[in-house]
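Residues per chain, in single letters:
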Amino acid sequence: VWKPVSLLTDTVVIKISDKSGNSLMHRFAITSTTNGFYFVDGAKGNNSNNGSEASPWKTMAYASATADSSAYVYVKKGKYSESGMPISATNCGRFMAYPGDTVFVNSTSSGKSRIAINGGSKRLFQGFNFDGGGSRWFFMVQGYAKNLIWRNNIMHNNYSNDNENPSSIFFSNGSGNPITGGNSYSNVVIQNNVFYDISGSGCGSVISFDVKNMLYEDNLAYDIGGTGVKDKDMGYMNTIRNNVIHDCIDGIALTSQGGQSGIEVNY
C-alpha cells in the first residue's frame, strides 16, 4: 500500500517462496489515475452533473446507468433510498462506500429485489449498510454473472414467507450444471460481511444455485430464521471458511437438490 505523489505508473513485483527454496515471481505495471472513477453524493449531487468528485451525481441508480461498465463509483455518506436498481451486463456495477463514510442504502422499489444483477462481469459492492426493507432479496443475481465481490457490508431486513429463498444475496436457479462444464455463476467472493434479521420459509444470508468457485469467508451471520448460508444446488468447488454463524435454525446447509461437488467447509 502506498500513496503516489502524482499520477504515475509503477512496476509491482510479487515473489512467493516456500521453505524448500522453490519460488515464483510475477511482475505487472499499475497506474495511479483518476480516470474511470465517479462519485455519488446524495446531499450535494445532481444527476445533471458530470459525476466527478467536485460535481457528483445524486443517485446510485443514475450512476449505474450512466458510467461505463468498467468504471468504479464512490458513494459519499448519507442515506440512499433508490427506486429500484437493475444492473444489466452493460451497466456499471462497481460501488464502494467512500473510505471512512457511513452509507445506508435501502429502496422504495415494490419489486421482490432491491438490486437485480442480470449477467455481466466484475461487480463490486463494498462498505455499505444494505437494508432490505422487508423485501425477499436485496441482491438477486441472474444471467450467470461472473466475477462478483461483496466485501465489508452490513446486510439485513429481508423477508418472505412463500418458500422462495428469502436472502440478502440470491443466485437464481437456471439450467446450469458447473459440475459437467455447463453454465454457472463463477468467481464469487463474499467476504467480511455481517448478515442478520432475515426471516421466512427457507431463508438464509446467501442462497446459491449453479455457483462455481465461490468463497464465503470471514462473515458473521446471526438472527436468521433459516440457514446461515445455503449452497442449495449444483455448487462446485466452493469454499465456506472462517465464518461465525449463530442463532440460526441451521448453520451451513449443503442441500444438493440436483448435484454438488468439491465443497470445502473449514474453520
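Data block above holds the structure.
Here's a quick rundown of the structure. On a predicted model such as this, the values are computed, not experimentally measured, just so you know. (Residues numbered from 1 in each chain as written. Predicted model: local features only at pLDDT ≥ 70, side-chain atom pairs only at ≥ 80, totals over all residues. Heavy atoms only, no water.)

What follows concerns the sheet that holds strand E7 (residues 94-97). Read from one edge of the open sheet, nine strands run E3-E4-E7-E10-E13-E16-E19-E21-E23, paired in parallel fashion. The open sheet is flanked by strand E3 (37-40) and strand E23 (264-266), the only strands paired with a single partner. Strand after strand, the sheet turns through a mean of 10° between neighbouring axes, direction not considered. (Pairing = 2+ DSSP bridges. Helix = DSSP H or I, 4+ residues; strand = E, 2+ residues; numbered from the N terminus. Axes fitted to C-alpha atoms, helices over the stretch in contact; angles between N-to-C directions.)

In this section: the nonpolar core. The tendency in soluble globular proteins is for nonpolar side chains to be buried side by side. Phe139, Trp150, Phe171 and Ile190 are the most contacted members of the largest nonpolar core, which totals 46 residues. Each residue touching Trp150, except ones within four places of it in the same chain, is listed here: Ile117, Phe125, Phe139, Val141, Ile169, Phe171, Val188, Val189, Ile190, Gln191 and Asn193. Formed by five residues, the second largest nonpolar core is a distinct cluster that contains Trp137, Met140, Phe170 and Phe209. (Core = buried A, V, L, I, M, F, W, Y, C linked by side-chain atoms within 4.5 Å. Buried < 20%, exposed > 50% of the residue type's maximum accessible area, 1.4 Å probe, protein only. Contact = heavy atoms within 4.5 Å.)

Time to look at unusual backbone geometry. Unusually for a residue other than glycine, Asp247 sits at a positive phi of about 55°. The residue Asp247 is located in strand E22 (residues 244-254) in this model. Taking relative accessible area as the criterion, Asp247 reaches 60% and is therefore assigned exposed. If you check the backbone angles, Tyr267 has positive phi at about 50° while not being a glycine. Inspection of the secondary structure assignment puts Tyr267 in the segment after E23.

Two side chains with opposite charge may pair up if their charged atoms get near one another. Within this structure, the stated rule accounts for three salt bridges. In this structure, the salt-bridge partner of Lys76 is Glu53, at a minimum N-O distance of 3.5 Å. Of this pair, Lys76 sits in the loop between strand E4 (72-75) and strand E5 (78-82) while Glu53 sits in the loop between E3 and helix H1 (60-66), and the two are 23 residues apart along the sequence. Its relative accessible area of 42% is what places Glu53 among the partly exposed residues. As a salt-bridge pair, Arg241 and Glu217 come within 2.7 Å of each other at their nearest N and O atoms. Linking Arg241 in strand E21 (residues 239-241) with Glu217 in strand E19 (residues 211-217), this pair joins segments that are 24 residues apart in sequence. Overall, the relative accessible area of 11% leaves Glu217 in the buried class. (Salt bridge = Lys/Arg side-chain N within 4 Å of Asp/Glu carboxyl O.)

Further remarks concern the environment of Gly228. Looking at the element boundaries, Gly228 is found in strand E20 (residues 220-233). With residues near it in sequence (within four places) discarded, Gly228 still touches Gly204, Ser205, Val206, Tyr216, Ala221, Ile245, Cys248, Asp250 and Gly251.

Below, the discussion takes up the pairing of strand E13 (residues 146-151). By the bridge criterion, five bridges tie strand E10 (residues 121-126) to E13 in an arrangement that is parallel. Paired with Gln126 across the strands is Arg151, a residue of E13. Note: E13 against strand E16 (residues 185-191), five bridges, orientation parallel. Opposite Ile149, over in E16, you have Val189 as the bridge partner.

For the rest of this paragraph, the subject is the pairing of strand E12 (residues 137-142). Within E12, five of the six residues are buried, which leaves it mostly tucked inside the rest of the structure. Two strands pair when backbone bridges link them, and strand E9 (residues 113-118) and E12 are joined in this way by five bridges, in the parallel orientation. Across the sheet, Ile117 pairs through a bridge with Val141, a residue of E12. Here E12 pairs with strand E15 (residues 167-171) via four bridges, running parallel. If you follow Met140 over to E15, its bridge partner there is Phe170.

Structurally, Ser208 is set in strand E18 (residues 204-209). Residues in contact with Ser208, not counting those within four places in the same chain, are Phe171, Met214, Lys230, Asp231, Lys232 and Asp233.

On to the side chain of Ser168. One can find Ser168 in strand E15. With residues near it in sequence (within four places) discarded, Ser168 still touches Phe138, Phe139, Met155, His156, Asn158, Phe195, Ile198, Gly204 and Ser205.

This part is about the packing of aromatic side chains. Applying the stated criterion across every chain, the model contains 22 aromatic pairs. Ring geometry for Phe130 against Phe139: centres 5.1 Å apart, planes inclined by 90°, an arrangement best described as edge-to-face. The class of Phe139 is buried, set by a relative accessible area of 0%. Aromatic pair Trp137 and Phe170: ring centres 4.8 Å apart, planes at 5°, arrangement stacked. Highlighted residues: Trp137 in strand E12 and Phe170 in strand E15, separated in sequence by 33 residues. Judged by relative accessible area, Trp137 falls into the buried class, the value being 8%. (Phe/Tyr/Trp six-rings, centres within 6.5 Å; stacked < 30°, edge-to-face > 60°.)

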